[in-house]
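The residues making up each chain are set out below.
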Amino acid sequence: MDIKNAQIVVDDWIKNHGVRYFNELTNMAQLTEEVGEVARIIARRYGEQSEKESDKDKDLGEELADVLFVVLCLANQTGVDLQAVFDKRMDKKAKRDHDRHHNNQKLK
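Source: prediction; values computed, not measured.

Calculation notes
Along every chain, residues carry numbers that run from 1 in the direction the sequence is written. Reporting in this predicted model follows two pLDDT cut-offs: at least 70 for local features of residues, and 80 or more for side-chain atom pairs to be given and counted; totals over whole chains, interfaces and linings ignore these cut-offs and use all residues. Note: side-chain values were computed over all heavy atoms of the structure, leaving out hydrogens and water. The way it works is that DSSP assigns letters per residue, a run of H or I at least four long becomes a helix, a run of E at least two long becomes a strand, and they are numbered from the N terminus. The globule rule is 2.2 Å times the number of residues to the power 0.38, and the radius of gyration it is compared with is taken over C-alpha atoms. Relative accessibility thresholds used throughout: buried, under 20% of the residue-type maximum; exposed, over 50%; partly exposed, between the two (1.4 Å probe, protein chains only). For helices, the fitted axis covers only the stretch in contact; all axes are lines through C-alpha atoms, and the angles between them, taken along N-to-C directions, range from 0 to 180 degrees. Roughly parallel refers to an angle under 35 degrees, roughly antiparallel to one over 145, roughly perpendicular to one between 65 and 115, and oblique to any angle outside these ranges. A clockwise turn of the near helix away from the far one marks a right-handed crossing, whereas an anticlockwise turn of less than a right angle marks a left-handed crossing. In what follows, a contact means two residues having at least one pair of non-hydrogen atoms within 4.5 Å. Here the nonpolar group is Ala, Val, Leu, Ile, Met, Phe, Trp, Tyr, Cys and Pro; Asp, Glu, Lys and Arg are the charged ones; every other residue, Gly included, is treated as polar. Multiply 1.5 Å by the residue count of a helix minus one, and that product is the helix's expected span. Throughout this description, a polar contact denotes any pair of N or O atoms lying within 3.5 Å of each other; where both atoms belong to protein, one of them has to be capable of donating a hydrogen while the other can accept it, and for residues adjacent in sequence the pair is counted only when both atoms sit in side chains. Per residue, pLDDT measures the predictor's confidence, with a range of 0 to 100.

A. Up close: the overall build of the chain. For the chain, the helix and strand inventory stands at 4 helices and 0 strands. If you list the helices and strands of the chain from N to C, you get α-α-α-α. Radius of gyration (C-alpha) of the chain: 18 Å, far over the 13 Å computed for a compact globule of 108 residues. Along the longest, intermediate and shortest principal axes, the C-alpha atoms of the chain span 50 × 45 × 25 Å.

B. Main features of the side chain of Asn27. Residue position: Asn27 is located in helix H2 (residues 24-45). Since its relative accessible area comes to 2%, Asn27 is described here as buried.

C. Layout of the packing of helix H1 (residues 3-17) against helix H4 (residues 82-102). The N-to-C vectors of H1 and H4 enclose an angle of 150°; their axes lie 7 Å apart at closest approach. With respect to each other, H1 and H4 are oriented roughly antiparallel. When you trace H1 past H4, the crossing you get is right-handed. Contacts from Ile3, Lys4 and Gln7 of H1 reach H4 at Leu82, Gln83 and Phe86. Here the residues of the contact of H1 with H4 are counted per class, giving 3 nonpolar, 2 polar and 1 charged.

D. Fine view of the packing of H1 against helix H3 (residues 60-78). Following both chains from N to C, one finds H1 and H3 inclined at 85°, their axes separated by 9 Å at the closest point. Taken together, H1 and H3 sit at an angle that is classed as roughly perpendicular. For the pair formed by H1 and H3, the contact residues are Ile3, Ala6, Gln7, Val10, Asp11, Trp13 and Ile14 on the first element and Phe69, Leu72, Cys73, Ala75 and Asn76 on the second. Of the residues contributing to the contact of H1 with H3, the split by class is 9 nonpolar, 2 polar and 1 charged.

E. Layout of the environment of Asp87. Positionally, Asp87 belongs in helix H4. Through-space distance from the C-alpha of Asp87 to that of Glu24 is 24 Å; in sequence the pair is 63 residues apart.

F. Fine view of H2. Taking 1.5 Å as the rise per residue, H2 with 22 residues should run 32 Å; its terminal C-alpha atoms sit 31 Å apart, in good agreement. Residues of H2 that are buried include every one of Asn27, Leu31, Glu34, Val38, Ile41 and Arg44, and no others. On its buried face, H2 is in contact with H3. The N-terminus of H2 is capped by Asn23, whose side-chain oxygen sits 3.1 Å from the backbone nitrogen of Leu25.

G. Representation of the confidence of the model for the chain in the model. When pLDDT is averaged along the chain, the result is 95; 100% of the residues meet or exceed 70. When mean pLDDT is taken per element in the chain, H3 scores highest with 98 and H4 scores lowest with 92.

This is the structure:
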């Protein structure tokens, strides 16, 4: 599924299962919360903190999907075509960063 279709799927879900989009500020707070859950898993599973027993069953993929869902909600409610801006951004990054990363001694 491409990003444009993902935005449509989320919008359809909101229309069929939700009452409406939460306002932008609420969704920003929700996004922060979801990113925090991703950070907790990564810090404890891949970082130096020990993983609590209650965190061992948490699924990183599901938490990343929650982040994506809220990002798509924010894009929909603010009129952002994420497919278009993502494609533009990737093109810019490819042109700007190709040689930079290949020539970065820290990445060798």
